[in-house]
Structures are given as structure tokens and as C-alpha cells.
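What the coordinates show
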Amino acid sequence: MRGKMKAIVKHHRGYGAQLQVVDIPDIRDDEVLIRVKMTSICGTDIHIFTWDEWSQGRVSPPYVFGHEFAGEVIEIGASVSNVSVGDCVSAETHIVCGTCRQCLTGQFHICKKTNIIGVDKQGCFAEYIALPAKNLWKNPSDMPLDIATIQEPMGNAVHSVLAGEVLGKTVAIIGCGPIGLMAIAVAKAAGADKVIALDINDYRLQLAKKMGATHLIHSMNQDPVEITKSITSGDGVDVVCEMSGNPAAIQQGFKMATNGGRISILSLPSKPVTINITEDIVFKGLTVQGITGRKMFSTWQQVSSLLESGKVDVKPMITHRFSLSDFEKGFELMIKGQCGKVLLIP
């Protein structure tokens, strides 16, 4: 398919992005061309848009960014057999090599040669995207587009929360951005006893309540460590999911974790963070997990099951919709934290 399309381009090594007209991508034999029906803004996209230290060392403008979407397959390569024209799909955004030690042992999510859509390769903030067919997830025909679009970030939440035992435990979600909000709902669905939401944003704390948080902590107005210990009868929290990337919040997460507890870190701090390893990890016997992406494709199956069963309702955290040309309004809301999930419609 030849022609031009509208796309949001990270056009330079600095703040911001531009709506441009670019070529519709060609596809290889193992790829498909997808008409993007809906896409959404992720925290990673904010890193790239604001051009923080992490993005400066990782991405190479100019290119189309964005990685969360749902769309319709409109063209398939000669060797593609797992999807057909007309299928509604989303995508696993980590493109893996399949040959490294991790891939050969089934740990595709930590492939050493991973390329990420919208970070290392052309992304989906556009009218069309070309992707390897092996990365596609076929959506149920009756799944609403707004739900289909956010399965990828929901996978981050599922992977973070369910990386260990949750049933009957106290869980702290630090950072109530969209993934943190979904993590709250996942923890509740998995049988957590208490789900404590921590943030410095009143708007998002109220969304956290709608998503099922049993306790809310405004970390600028209260001492998070003291409050969590009070909630847990002095014991500390069994599971901490760190979604904020804020160095002080990360340090507080280690302080509030109970001895023998677990900390799952999904956030991407833009600078190194100092942790008291002796007191806050070793002597506590903590399990510390770095969470990257989703397990392929078991996490996707968990996401699908949680949505289909109705045990997780993500609708309350979808707060804004904009056309692709109004993308700056969505980014502004995300930067200010005055939104839940922001959707963009090409």
C-alpha cells in the first residue's frame, strides 16, 4: 500500500513532538500492515516527549513514536498465516531475536536484543503501522477499541502484581498513573487483603479509589512509611509495586516493605537511585524484581481472561479522548497528572 499518512513524530533531540505527513510503511513477507483505530499515551511516551535523561540516551529522532494501540489488519505479507485481513489486533511491543539464551529458554520478555515499538523502531502514533505478524494479539470481535488499546499497559500491571503471591496480602501501589491504577484493580481481583495507593496527585488518588484501592495516601501530606505501618499493624507491606520513578518514593517503598516482602519495580527513574542495601534489602530478606514488559504470551492471556471475566474493569481510568491532531492536549494532561488514560484517535 503506497501513500502518505499523518503521524506524531519525535522530530528532534529536545522537548516536544510534531504532527507530520510521512510515508505509509511498506511490509516484509513476515509483516502485516495495520490501520490504527485507536492508540493511547504511555509514561514512556512522556519520557520521550519531555526529552528526559533516559530518552536522551535511548531514542534516536526523527521517528514515529507510540506503542499502545488497536487496529485492523489491512495487508499481510506472503509468509503470514496467523492473522487475516480484517482481524482486529493489538501488539506485543517487544520485538525479540528468538536466538539469545533468554529467548531459547522461553524468557522472551528479557531478550538481550529486544527492540521496542515506538522506542527503538517506528511506532503507532500514526494512521498505519507495519509489524511482524508474530507480535500480534488477535482481539475478540466484540471487544471495544478503548479496552483493546490498553491491553499492552495492562499487561505491565498484571506482570508487576502477579510476579509473586498476592492472595490475602497487603499491596502498596506507588504511583497512580494509568498502569498503577490498573495494578490496583488487578491486585483486588487477585485477592489482596488491602490495596494501598500512594501518590502526590489528588486527582489520581480519587481515580485509585474508583479502581478499588482500600487506602489512599497523599505522600506529600502524610508520611507514607508511618501510615503504611499503621495500616498493617506495624508489620509493613507484603508487596510493593513501584510505578512512580520518583527516587524518594522508591526509597520509601523499600522502607515500608515488611521483612521477607517483595518489591516489583516497573518504573523508569531517569537518574540513579540510592538504596540502603544493607538495611532495606539484605537484613529484611526482600525479593526485588525488575519488571520489563509482559511475559510472552502468558501475560496477554491473563489480561484477556481478567477482562473477559469482568474481574477487572478498566473503564473508570479511561478519562480523555483526543484526535491525533490534538495530541499535545493529551500530553499536557499526562504531564500535569490531570488524567487517567488518554486515548488518541487517528
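Further up the page is the structure itself.
Residues numbered from 1 in each chain as written. Predicted model: local features only at pLDDT ≥ 70, side-chain atom pairs only at ≥ 80, totals over all residues. Heavy atoms only, no water.

Observations concerning the overall build of the protein
If you tally the helices and strands in the protein, you get twelve helices and 18 strands. The C-alpha atoms of the protein give 20 Å as radius of gyration, which agrees with the globular expectation for 346 residues (20 Å, within 12%). For the protein, the C-alpha atoms occupy an extent of roughly 65 × 40 × 35 Å along the three principal directions. A total accessible area of about 14,700 Å² is found for the protein, and carbon and sulfur atoms account for 48% of it. For the protein, the centre of its 34 positive side-chain charges and the centre of its 34 negative side-chain charges are spaced 1 Å apart. (Helix = DSSP H or I, 4+ residues; strand = E, 2+ residues; numbered from the N terminus. Rg over C-alpha atoms; globule rule 2.2 N^0.38 Å. Areas by Shrake-Rupley, 256 points an atom, 1.4 Å probe, with all protein chains shown as cover. Lys, Arg positive; Asp, Glu negative; His and termini not counted. Charge placed at Lys NZ, Arg CZ, Asp CG, Glu CD.)

A word on the sheet that holds strand β16 (residues 287–290)
Strand order in this open sheet of six strands is β13-β12-β11-β14-β15-β16, and the pairing throughout is parallel. Two strands in the sheet have a free side with no partner beyond their single neighbour: β13 (215–218) and β16. Across the sheet, the mean angle separating the axes of adjacent strands is 15 degrees when strand polarity is ignored. Two strands pair when backbone bridges link them, and strand β11 (residues 170–174) and strand β14 (residues 237–242) are joined in this way by four bridges, in the parallel orientation. The residue bridging I173 from the neighbouring strand is C241, located in β14. In the packing of helix α7 (residues 202–210) onto the sheet, contacts are made with β12 (194–199) and β13, and the angle to β13 comes to roughly 170 degrees. (Pairing = 2+ DSSP bridges. Axes fitted to C-alpha atoms, helices over the stretch in contact; angles between N-to-C directions. Contact = heavy atoms within 4.5 Å.)

Digging into unusual backbone geometry
Cis geometry is found at the peptide bond from P61 to P62, where omega equals 0 degrees. Mapped onto the elements of the fold, P62 is located in the loop between α2 (53–56) and β4 (63–64). With an omega dihedral of -5 degrees, the bond running from M296 to F297 counts as a cis peptide bond. Among the structural elements, F297 can be located in the loop between β16 and α11 (298–309). A positive phi is found at S233, a non-glycine position, where the angle reads about 55 degrees. Checked against the element boundaries, S233 lands in the loop between α8 (224–231) and β14. In this structure S233 comes out as exposed when scored by relative accessible area, which is 75%. (Buried < 20%, exposed > 50% of the residue type's maximum accessible area, 1.4 Å probe, protein only.)

Section: the packing of helix α5 (residues 151–161) against helix α6 (residues 178–189)
Two packed helices can be described by the angle between their axes and the distance between those axes. Where α5 contacts α6, the axes come no closer than 8 Å and their chain directions differ by 50 degrees. As the angle between them shows, α5 and α6 are arranged oblique. Of the two elements, α5 crosses α6, and the hand of that crossing is right-handed. On α6, the residues touching P153, M154, N156, A157, V158 and V161 of α5 are I179, M182, A183, V186 and A187. Tallied by class, the residues present in the contact of α5 with α6 amount to ten nonpolar, one polar and no charged. (Parallel < 35°, antiparallel > 145°, perpendicular 65-115°, else oblique. Left-handed = near helix turned anticlockwise from the far one by under 90°. Nonpolar A, V, L, I, M, F, W, Y, C, P; charged D, E, K, R; others polar.)

Looking at a nonpolar patch on the surface
A surface patch of nonpolar side chains, about 330 Å² in accessible area, is lined by I277, V282 and F283. As for its position among the elements, V282 is in helix α10 (residues 277–282). (Patch = residues over 30% accessible without salt bridge, like charges linked within 9 Å, V, L, I, M, F, W, Y side chains within 5 Å. Salt bridge = Lys/Arg side-chain N within 4 Å of Asp/Glu carboxyl O.)

Looking at the pairing of strand β15 (residues 257–265)
For β14 and β15, the ladder comprises five bridges, and the chain directions are parallel. Each bridged residue has a counterpart across the sheet, and for V237 the counterpart in β15 is A257. Chirality of the crossover, the property in question, places the unit of β14, helix α9 (residues 247–256) and β15 among those that are right-handed. Where β15 lies against β16, four bridges are found, and the strand directions are parallel. (Right-handed = clockwise from strand over helix to strand, strands pointing away.)

Examining the packing of aromatic side chains
One pass over the full model with this rule turns up eight aromatic pairs. Ring plane angle 85 degrees and centroid distance 6.0 Å describe the contact between F327 and F331, whose orientation is recorded as edge-to-face. Pair noted here: F327 and F331 are both in helix α12 (residues 327–336), with a separation of four residues, about one helical turn. With respect to burial, F327 and F331 carry one shared label: buried. Members of the aromatic cluster, joined through ring pairs, are Y15, F49, F65, F125, F327 and F331. (Phe/Tyr/Trp six-rings, centres within 6.5 Å; stacked < 30°, edge-to-face > 60°.)

Some thoughts on the pattern of salt bridges
Evaluated as defined, the whole model comprises 14 salt bridges. The closest approach of N and O atoms between E72 and K37, which form a salt bridge, is 3.6 Å. Placement of E72 in strand β5 (residues 68–76) and of K37 in strand β3 (residues 31–40) is noted, with a sequence separation of 35 residues between them. Residue K37 is classed as partly exposed on the basis of its relative accessible area of 33%. Two residues, R294 and E92, come together in a salt bridge whose shortest N-O distance is 2.9 Å. One end of the pair, R294, is in the loop between β16 and α11; the other, E92, is in the loop between β6 (88–91) and β7 (94–95), with 202 residues separating them in the sequence. Residue classification places E92 among the buried positions, given a relative accessible area of 0%. Look at the salt bridges and you will find they share partners, linking R35, K37 and E72 into a network.

Structural notes on the packing of α5 against α11
At a closest axis distance of 9 Å, the pairing of α5 and α11 adopts a crossing angle of 100 degrees. It follows that α5 is roughly perpendicular to α11 by the angle criterion. Facing α5, whose interface residues are Q151, E152, M154, G155, V158 and H159, α11 presents T299, W300, Q302, V303, L306 and L307. Of the residues in the contact of α5 with α11, the class split is six nonpolar, five polar and one charged.

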